[in-house]
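# A structural walkthrough
Here's the letter readout for the chains.
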Amino acid sequence: MACALPNPFSTATAAAAAGWNGEKKLHHQQRQVFLFGSGRSRKASHMAAAVVAAAAPGINGSAAAPGINGSAAASAPGIDGWAAEAAQMERLRVAFQGARGAYSEFAAKTAFPECETVPCRAFADAIAAVERGAADRAIVPVESTMEGTALRNYDLLLRHDLRIVREISLFVHYCLLAMPGVRPAELRRVISHPMALAHCGRALSLLGLRREPVEDTAGAVEMLRSRRLLDTAAIASPRAALLYGLDVLAHGLQDESWNVTRFLMLSKDDHHHDHDHHRCDGSNNNNNNNNNKSSKKKKTSMVIAHRGGSMVVLLRVLSAFSRRNINLTKLEVINSPAEGAAPVMILDVRGRGSLRAFPHVLYVDCEGSAHDPNVRDAIDDISRFSVFVRILGSYAADPNIYDLH
């Protein structure tokens, strides 16, 4: 369901909503995230001791879990509500990491309601499925308002010759699930993905449950159901509860109520991306003129690599876009520390198809298509002083946030 709230990964609200610091360490790499704009999009978190109520009262005391725009829907329609239009397209196969009911699968179904989803054990397996033709697309989470950038998936993207063809921002709503008829007082432990357990730390402390990590949220639900664990709860989505026939003991378990994850849809080639967006957002409908205008806005993602003079290169990159009045929606700087951390490996898709190692890398998202003369001119300018530039994809910018409700 599209909503009229600001996207935390857009220019205006990215830094504040994500709560990212200027500098973090991840995978032994020094990283700095620069996102532009002002304003707050993070909502205050509401906690209550009544989380143990058996009738799923919601952790903030509400009786139901509303949609992100205040309304609850029985099912998730296609983007902008044009499910019927999307249903007419060919049946795409979309690979995702996790078991049935994973958030990645729901993101894929939001983009293509009639797609055939292909569950994979790991993110690398989802990408490999596209490369060998077992799937047409792969969908991977890349950043969230609570965790910042999932750098591992960006690394995977750089190591493979796939293109970004669209983006999806999904509101992540965590629920406490249990076998039918199980009461909160009977629970002794909770299982879920480590990140989900971390996101729900305060609520789990109130419940007093022992935390045990598993591979993913949907896998936890699958384990709960298949083994009929009566003393165990799982943290997953409300849609997973419906899919596996489990009871929801509490809604909105996350510590921060504003919890949005951005997913990228990947393809072997990028000539389908306009077709994909056109068929899913209903942009050919005569009554959707306002959406037509916004759906034509493009975004380009690229990686810029260099070997030294990190700050000088950064300033020159900013200047290349600034002189042409091109807005950036993301700028992330990766500097491998001096104490022997591994450099970033990037597949040279234009050269011999070999992996090249770089100590300094910039991830950049800018407004506009790589085919626009202005953007193309900026990229050519950057190519003159950097060692390596690779376009990861040009795709329709989607400002909406979609909700599982």
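Reading the values: rules and limits
- Residues numbered from 1 in each chain as written.
- Predicted model: local features only at pLDDT ≥ 70, side-chain atom pairs only at ≥ 80, totals over all residues.
- Heavy atoms only, no water.
- Buried < 20%, exposed > 50% of the residue type's maximum accessible area, 1.4 Å probe, protein only.
- Helix = DSSP H or I, 4+ residues; strand = E, 2+ residues; numbered from the N terminus.
- Pairing = 2+ DSSP bridges.
- Axes fitted to C-alpha atoms, helices over the stretch in contact; angles between N-to-C directions.
- Parallel < 35°, antiparallel > 145°, perpendicular 65-115°, else oblique.
- Left-handed = near helix turned anticlockwise from the far one by under 90°.
- Contact = heavy atoms within 4.5 Å.
- Nonpolar A, V, L, I, M, F, W, Y, C, P; charged D, E, K, R; others polar.
- Phe/Tyr/Trp six-rings, centres within 6.5 Å; stacked < 30°, edge-to-face > 60°.
- Lys NZ or Arg CZ within 6 Å of the ring centre and 35° of its normal.

### Description of the pairing of strand β9 (residues 189–192)
By the alternation rule, side chains of β9 split into Arg-189 and Ile-191 and Val-190 and Ser-192, which are all buried. Taken together, the 4 bridges between β9 and strand β10 (residues 210–213) define a ladder with parallel strand orientation. Residue Val-190 lies in a different strand from β10, and its bridge partner there is Arg-211. Direction of pairing for β9 relative to strand β11 (residues 232–236): parallel, over a ladder of 3 bridges. Following the sheet pairing, Ile-191 is matched in β11 by Ala-234.

### Some remarks on the packing of helix α12 (residues 310–322) against helix α13 (residues 373–385)
It is at 9 Å that the axes of α12 and α13 come closest, and there the two elements cross at 160°. By the angle class used here, α12 and α13 are roughly antiparallel. Considering only the axes of α12 and α13, their crossing is right-handed. Within the contact between the two elements, α12 uses Val-313, Arg-316, Val-317, Ala-320 and Phe-321 and α13 uses Ala-378, Asp-381, Ile-382 and Phe-385. Considering only residue class, the contact of α12 with α13 consists of 7 nonpolar, no polar and 2 charged.

### Regarding the packing of aromatic side chains
By the definition in use, this model includes 4 aromatic pairs. The interplanar angle of 40° and the centroid separation of 4.8 Å between the aromatic rings of Tyr-154 and Tyr-363 together place this pair among those described as tilted. Of this pair, Tyr-154 sits in helix α5 (residues 151–159) while Tyr-363 sits in strand β18 (residues 360–367), and the two are 209 residues apart along the sequence. Exposure remark for Tyr-154: the relative accessible area of 3% places this residue in the buried category. By relative accessible area, which is 2% here, Tyr-363 ends up buried. Against the face of Phe-112 rests Arg-166, its NZ or CZ located 5.5 Å from the ring centre.

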